[in-house]
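# Observations on the three-dimensional arrangement
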Amino acid sequence: MLNLRKSIAQGLSSLLLGINGKSEQTESLLESLDQIKTFLEKTCSKNSYADTEYYRTCLVLISDLASRLGSSAKEIVKSDLTNRLLSIVEKSDDPESKNILSYVKKVLEITSN
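So, about the overall build of the chain. Scanning the chain from N- to C-terminus turns up 6 helices and 0 strands. Reading the helices (α) and strands (β) of the chain from amino to carboxyl end gives α-α-α-α-α-α. Seen through its principal axes, the chain has C-alpha atoms that stretch 40 × 30 × 25 Å. Across the 113 residues of the chain, 42% fall into the buried class. Approximately 6,600 Å² of the chain is accessible, and the part contributed by carbon and sulfur atoms is 50%.

See below:
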């Protein structure tokens, strides 16, 4: 089940990479933002049995949303979920987590201003 969740989050990130600027795709994504947030909240809950790798994947998805949607993604960027995921991944000693965390923090900082 965790692999399916991770694949969905990675797929959403991949879709975001194909969206540039204002377009019908951006509008469609904006309409789906609440569902994406709900998916992340449910799959990253304390009872979800997720691991640090999955939390990293979700943080990358959130940063991709922020970079593509800008201020429209502010609600998810400033959410308790994002703060909790940042906190969890910060505790990891894994070098990949540190690299991803650095990237995500930069993107989120730019978007939240």
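There's more to say after this.
Attention now goes to unusual backbone geometry. A positive phi angle, near 60 degrees, is found at Tyr49, a position not held by glycine. Accessibility expressed as a relative area gives 77% for Tyr49, which makes it exposed.

Turning our eyes to something else, we now look at the packing of helix α3 (residues 52-69) against helix α6 (residues 95-112). Taken N-terminus to C-terminus, the directions of α3 and α6 make an angle of 25 degrees; their axes are 9 Å apart at the nearest point. Judged by the angle between their axes, α3 and α6 are roughly parallel. Both α3 and α6 take part in a crossing whose hand is left-handed. Side by side, α3 and α6 meet where Thr52, Arg56, Leu59, Val60, Ile62, Ser63, Asp64, Ala66 and Ser67 of the first sit next to Glu96, Ser97, Ile100, Leu101, Tyr103, Val104, Val107, Leu108 and Thr111 of the second. Tallied by class, the residues present in the contact of α3 with α6 amount to 10 nonpolar, 5 polar and 3 charged.

It is worth spelling out the pattern of salt bridges at this point. A complete count under the given rule lists 6 salt bridges for this structure. The salt bridge partner of Lys37 is Glu41, with a shortest N-O separation of 3.8 Å. You can see Lys37 and its partner Glu41 sitting in helix α2 (residues 24-43), 4 residues apart, about one turn around the helix. Residue class for Lys37 comes out buried when judged on its relative accessible area of 16%.

What follows is about helix α5 (residues 80-90). Residues of α5 that are buried: Leu81, Thr82, Leu85, Leu86 and Val89. Viewed along the axis of α5, the buried residues span an arc of 135 degrees, placing them on a single side of the element. On its buried side, α5 packs onto α2, α3, α4 (74-77) and α6.

Here the focus is the state of the cysteines. Inspection of every chain in the model, using the stated rule, returns 0 disulfides. There is no disulfide at Cys58, and the cysteine sulfur nearest it, in Cys44, is 3.5 Å away. Look at Cys58 and you get buried, because its relative accessible area is 0%.

How each quantity is defined
Residues numbered from 1 in each chain as written. Predicted model: local features only at pLDDT ≥ 70, side-chain atom pairs only at ≥ 80, totals over all residues. Heavy atoms only, no water. Helix = DSSP H or I, 4+ residues; strand = E, 2+ residues; numbered from the N terminus. Buried < 20%, exposed > 50% of the residue type's maximum accessible area, 1.4 Å probe, protein only. Areas by Shrake-Rupley, 256 points an atom, 1.4 Å probe, with all protein chains shown as cover. Axes fitted to C-alpha atoms, helices over the stretch in contact; angles between N-to-C directions. Parallel < 35°, antiparallel > 145°, perpendicular 65-115°, else oblique. Left-handed = near helix turned anticlockwise from the far one by under 90°. Contact = heavy atoms within 4.5 Å. Nonpolar A, V, L, I, M, F, W, Y, C, P; charged D, E, K, R; others polar. Salt bridge = Lys/Arg side-chain N within 4 Å of Asp/Glu carboxyl O. Arc of directions from axis to C-beta. Disulfide = S-S within 2.5 Å.

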